[in-house]
Each structure stands twice: as C-alpha cells, then as structure tokens.
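Coordinates in review
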Amino acid sequence: MKQHQLQMKPGTIVLSVGGSLVVPNGQIDVKFLRGFKKLIEAQVKKGWHFVIVVGGGGTARHYQQAAKQVGKLSAEDLDWLGIHSTRLNGHLIRTIFRQIAHLEMFNDPRKVPKKWQGKVLVAAGWRPGWSTDYVATMIAKRLGAKLVVNLSNIDYLYTADPNQDQTAKPIRAIDWPAFRKMVGNKWDPGMNAPFDPVASKLAASAKMSVILANGKKLANLEKMLLGRDYSGTVIS
Ligand code: UTP
C-alpha cells in the first residue's frame, strides 16, 4: 500500500493525543509515556516544537460511566467530568516534559501565546460541547499551523469498524466533505469519532489537514517527523 510522506520542514506541530494512549483503562501506560517522552525530546533536538493536547481516556470514561450509573446527568455534566480528566492528564504530560515545556498548561485555546517558552506547550479540555480535538484545532488555527496530527490507537480510518466488520478497509486519504459525512455534525459526550465533528467543521473551514495515526506505534510517528514514509490517514 502506498505510504505518505510529510512535506514539511521542522516547525510547530500540533498533536491531539488520544487520552486512551495515556490512560487506556484507568491505569496509566507508563511504557507509552516513556517512549513518547523520548521521541518528543529527540525530535525537539531536530528543530520541532510541539503543542500537545491530551484527551481524557479511561479516566474520563470511568468517571462518566460511574456518574451515569448513580443518577441522571446532563450532557454538560458529563462533559465537565471529561474536561477535568483531560486537565489531569495534561498536567501529567506537562510534568514529564518539565525541562522543555512552557510552565503553564492552557485550557482556553484563545490564551495560548503565539510565542511560548520552551519547546513543548501542553493544553487540555476547555468547555463542554466537543473534545480535545477541537482545542487542538483552535490552537492550530491561532498559531497559523496547517496541520494537526491526531494520535489514537487505530492505524487508519476504516470504511467500517474493523472490530465488527471483517470487510472493513483502511482509507488512506479522504477529503473533508466525505469525512464529515462519516462523523456527522452532532457532539455526544464521550463520543469516539476518529476526529470530532465540531473540530472537523473548524479544520475544514480553515483548510487544515489532519493526519490520523496510531500513537502506539511511535516508530511510525518518528518516521513521519523525519519526512520518511509513514502509515496513517490524511484528511484534507
Ligand atoms: P476527549 O474526547 O478529548 O478525550 O475528552 P479522549 O480520551 O481523547 O477521547 P477518546 O475516548 O480516547 O477518543 C474526553 C471528554 O471530555 C469532554 C468530552 O465529554 C470528551 O468526550 N471534553 C473534552 C469537553 O467537553 N470539552 C473539551 O474541550 C474537551
């Protein structure tokens, strides 16, 4: 299968890191954090600067599910539980990059400084109604970045859920109208779209590209940043 190459010199890249990479099931994946830290630090030495926006993962899901079992909650209540989970994970990421990170973690994407201290800036969830993909896209727009790399635990976007449908095929490249048809327009707290519908709308209107790639395969991410062949889906 034909692979992609990133046509971009080292600069600022916005990473939307799925919380399930950091907290897959309520336990923190220390092995992932070690590998991710090593990779980011090595790429920083090659000239990359990273905005890292981290999701809530298992922490968000567990809190949302527990609350739902106890009483009836509004979508907004559920989103706030998710938001605070992203902030906890964000603090974890900022802490592990302490030596090279901007001191403050940002929730409000409009407050992210265009010039920050250090090589890494960490952001987390902001307000109900979307996911950290939207925060990442807003920051990218603010910084004039044309690319968001969305890391999750899937290799590609598929024509159907590969866990349920054996005929599901990977999609290597897709345009925004076709992608938006797949994910729809509606936000649901805790929803698991490959890139959230609200973020997709903004990214499409700002003419950005989004790469969906598997964050567990750090060697693949490294290849991407080095301008070599990598696997993933490009939405543009
Ligand atoms: P994310 O959906 O960004 O986390 O935020 P995630 O872990 O990357 O998601 P998956 O499950 O791995 O794909 C978790 C939840 O926090 C709330 C939403 O409810 C979201 O589902 N949230 C997050 C907001 O309401 N607003 C935000 O700005 C961010």
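Residues numbered from 1 in each chain as written. Predicted model: local features only at pLDDT ≥ 70, side-chain atom pairs only at ≥ 80, totals over all residues. Heavy atoms only, no water.

1. A look at the overall build of the protein chain
Put simply, the rule reads: Helix and strand assignments follow DSSP, with helices taken as H or I runs no shorter than four residues and strands as E runs no shorter than two, numbered in order from the N terminus. In this description the radius of gyration comes from C-alpha coordinates, and the expected globular size is given by 2.2 Å times residues to the power 0.38. Type-normalised accessible area, obtained with a 1.4 Å probe on protein chains alone, sets the label of each residue: buried when under 20%, exposed when over 50%, and partly exposed for intermediate values. It only takes one pair of heavy atoms within 4.5 Å for two residues to be counted as in contact. For the purpose of charge, His is not counted, nor are the chain termini; Lys and Arg are scored as positive and Asp and Glu as negative. A charge is said to be at NZ when it belongs to Lys, at CZ for Arg, at CG for Asp and at CD for Glu.
Helix and strand counts for the protein chain stand at eight helices and nine strands. Scaling as 2.2 N^0.38, a compact globule of 236 residues should have a C-alpha radius of gyration of about 18 Å, and the protein chain matches this with 17 Å. Summarising its shape, the C-alpha atoms of the protein chain cover approximately 50 × 45 × 35 Å along the three principal directions. When each of the 236 residues of the protein chain is scored for burial, the buried share is 50%. For the protein chain, restricting intrachain contacts to residue pairs at least 6 apart in sequence, the fraction spanning at least 24 positions comes to 69%. Looking at charge distribution, the protein chain has the averaged site of its 34 positive side-chain charges lying 7 Å from that of its 16 negative ones.

2. Let's talk about the site of the ligand
Using the following cut-off: Nearness is defined per residue: one heavy atom within 4 Å of the molecule or strand is enough. Pairs of N or O atoms within 3.5 Å make up the polar contacts considered here, provided that, within protein, one atom can donate a hydrogen while the other can accept it, and that residues adjacent in sequence are counted only when both atoms are side-chain atoms. The Shrake-Rupley method, run with a 1.4 Å probe, gives the accessible areas here. Residue values count only the displayed protein chains as cover.
Contacts to the ligand come from 25 residues, most closely from Ser-20, Gly-57, Asp-79, Arg-127 and Thr-132. A distance of 2.7 Å separates a nitrogen atom of the ligand from a polar atom in the backbone of Arg-127. At a separation of 2.4 Å, an oxygen atom of the ligand approaches a polar side-chain atom of Thr-132. The protein chains hide 92% of the 590 Å² of surface that the ligand would expose on its own.

3. Considering the sheet that holds strand β1 (residues 12-17)
How we decide: Following DSSP output, two strands are said to pair if at least two bridges run between them. Axes, fitted as lines to C-alpha atoms, cover a helix only where it is in contact. Angles between the N-to-C directions of the axes lie from 0 to 180 degrees.
The sheet built from seven strands is open, its strands ordered β3-β2-β1-β4-β8-β9-β7 with mixed pairing. The sheet is open, and its two borders are formed by β3 (120-123) and β7 (173-174), each paired with just one other strand. In the packing of helix α4 (residues 75-96) onto the sheet, the strands contacted are β2 (49-54) and β3, and the crossing angle to β2 comes to about 150°.

4. Examining the pattern of salt bridges
This is how it is decided: The working definition used for a salt bridge is a side-chain nitrogen of Lys or Arg within 4 Å of a carboxyl oxygen of Asp or Glu.
According to the stated counting rule, one finds five salt bridges in the structure shown. Linking Lys-111 and Asp-108 is a salt bridge whose minimum nitrogen-to-oxygen distance equals 3.7 Å. On the basis of relative accessibility, which here comes to 12%, the residue Asp-108 falls in the buried class. Its salt-bridge partner being Asp-155, residue Lys-217 comes within 2.9 Å of it at the nearest N-O pair. You can see Lys-217 sitting in the loop between β8 (209-214) and α8 (218-225) and its partner Asp-155 sitting in the loop between β4 (147-152) and β5 (157-158), a full 62 residues away along the chain. Here the residues in one salt-bridge network are Asp-108, Arg-110 and Lys-111, joined through shared partners.

5. Here's the deal with the pairing of β1
Of all six residues in β1, five are buried, a share of seventy percent or more. Alignment of β1 against β2, held across six bridges, turns out to be parallel. Bridged to Val-14 within β2 is Val-51. Here four bridges tie β1 to β4, and the two strands are oriented parallel to one another. Bridge pairing in β4 links Val-17 to Leu-151.

6. Here we look at unusual backbone geometry
The phi dihedral of Lys-207 falls on the positive side, at around 55°, and the residue is not glycine. Along the chain, Lys-207 falls in the loop between α7 (197-205) and β8. Take Lys-207: its relative accessible area is 68%, and that puts it in the exposed class.

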